[in-house]
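Survey of secondary and tertiary structure
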Amino acid sequence: MTELSVFEPATLPLQPAAYAAMLGPTVVIAPHPDDESLGCGGLLALLARARVPVWCALMSDGTMSHPHSTKFPAPARQALRETELRLALCELGLRADCLLPLNLPDGRVPGPETPAGQTAVARLVEFFQEKQPATVLCPWRRDPHPDHRATSQLVQAALQQLPHPPRLLEYLVWAWERAAPADLPRPGEVSGWQLDISSVLAEKQRAIAAHASQLPGSCINDDPTGFTLAPTMLAHFASPTEVFLETTVANAASLIQSSSDLLSA
C-alpha cells in the first residue's frame, strides 16, 4: 500500500479484483441508502462473487432527501429507501436480509458523545460481535457530509470497544465532488489503494440505479427542494476502479485516543 503525501487517487497502486476476497467477511456501513453502492459497490459485488459473507448496517432513515413531499410522507420515504437498498444489495449479489437498519435521523446522525450516539455505538458493537467481520467499510472520516462524519465517529468508537477490531477501510462519496483541501487526507495520515472493479461495473451501475428515488426522474416528484444525484456526481462512480484508504500504523493510536475522548466527553 502507498502512504499518501499528496492525495492523487490515480497514482495509488491498483489491486486486482481477486484481492477483494482476501478481505474476508465484511460489514459495510452506509450513512444513507445508496452510499454502499456509490462508494464501494464494486468491492461488495466482488466479495459476493467470491462467496465471502457481507452484511450492511444502515445508519440513517434516509427521509431528508425530499423533506416536503406529501405524496411520500416520512414513513413512506423511509420504507421506499430501505426497499431500494435491499434491491441494490441484491443487484450486487448479496442477500436482502443482510441489512441492519439503525434508523437514526437523516441529516442529524448523532456523534458518539450523545446519548443517542452511545446507543448506536452499542448496537454496532453487538453487530460486530455477532458477525465477526475481518473488515469494516466506512465513509472517509472527513467526507464532506455531516452524517458521513458522524458515522465515521460512531464506527471508530464501536471498534475501540472490541478486543480484536477488524481492519477498517474508508471509502469516498462526497469528497469526490465537494471536498475542501482540509477534508482530504493529510501527509502520512493514511495509506491507499485502488481496486479493479471493471468485471463487476455493470452490477455496480444496476445497484446505483436501484436507488431510483435519488436519481433524475425520481418518483418523489412533489418536492421542488428535493435532492437527486447530479449527472456530474454520478460520473465519479462509473469508474472501473474504487479507492480505499486506511489509517497508517503511526496514526492509529491518535485516532483511538480521539474516539476515547468523544466517548468520555
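Note: the structure precedes this text.
Described in the following lines is the structure provided in the data block. Along each chain, residue indices are assigned from 1 in the same order as the chain's sequence is written. With the structure being a predicted model, the display of local features is reserved for residues of pLDDT at least 70 and the display and counting of side-chain atom pairs for 80 or more, all residues being used for whole-chain, interface and lining totals. Working from all heavy atoms in the structure, the side-chain values ignore hydrogens and water.

1. With respect to the pairing of strand S6 (residues 135-139)
Per-residue accessibility, obtained with a 1.4 Å probe over protein chains only, is compared with the maximum for each type, and a residue is labelled buried under 20%, exposed over 50%, and partly exposed between these values. Only DSSP runs of H or I with at least four residues qualify as helices, and only runs of E with at least two residues qualify as strands; both kinds are numbered from the N terminus onward. Burial within S6 is extensive, with 5 of its 5 residues counted as buried. Of the two faces of S6, the one holding Thr-135, Leu-137 and Pro-139 and the one holding Val-136 and Cys-138 are both buried throughout. Strands were regarded as paired on the criterion that DSSP finds at least two bridges between them. Relative to S6, strand S3 (residues 26-30) is paired through 3 bridges, and the arrangement is parallel. In the strand pairing of S6, Thr-26 is matched with Thr-135. Direction of pairing for S6 relative to strand S7 (residues 167-171): parallel, over a ladder of 5 bridges.

2. Notes on the pattern of salt bridges
By definition here, a salt bridge exists when the distance from a side-chain nitrogen of Lys or Arg to a carboxyl oxygen of Asp or Glu is within 4 Å. Per the counting criterion, the structure on display carries 12 salt bridges. Here Glu-170 and Arg-141 are joined by a salt bridge, their closest N and O atoms 2.5 Å apart. Here Glu-170 is found in strand S7, whereas its partner Arg-141 is found in the loop between S6 and helix H4 (146-160), with 29 residues between them in sequence. For the pair shown, Glu-170 and Arg-141 are each scored as buried. A salt bridge links Glu-189 to Arg-141, with the nearest nitrogen and oxygen atoms 3.3 Å apart. Within this pair, whereas Glu-189 is found in the loop between helix H5 (175-178) and strand S8 (190-196), its partner Arg-141 is found in the loop between S6 and H4, the two being separated by 48 residues in sequence. Exposure remark for Glu-189: the relative accessible area of 8% places this residue in the buried category.

3. Observations regarding unusual backbone geometry
A positive phi angle, close to 60°, is found at Asn-103, a residue other than glycine. Unusually for a residue other than glycine, Gln-132 sits at a positive phi of about 55°. Tracing the chain through its elements places Gln-132 in the loop between helix H3 (115-131) and S6.

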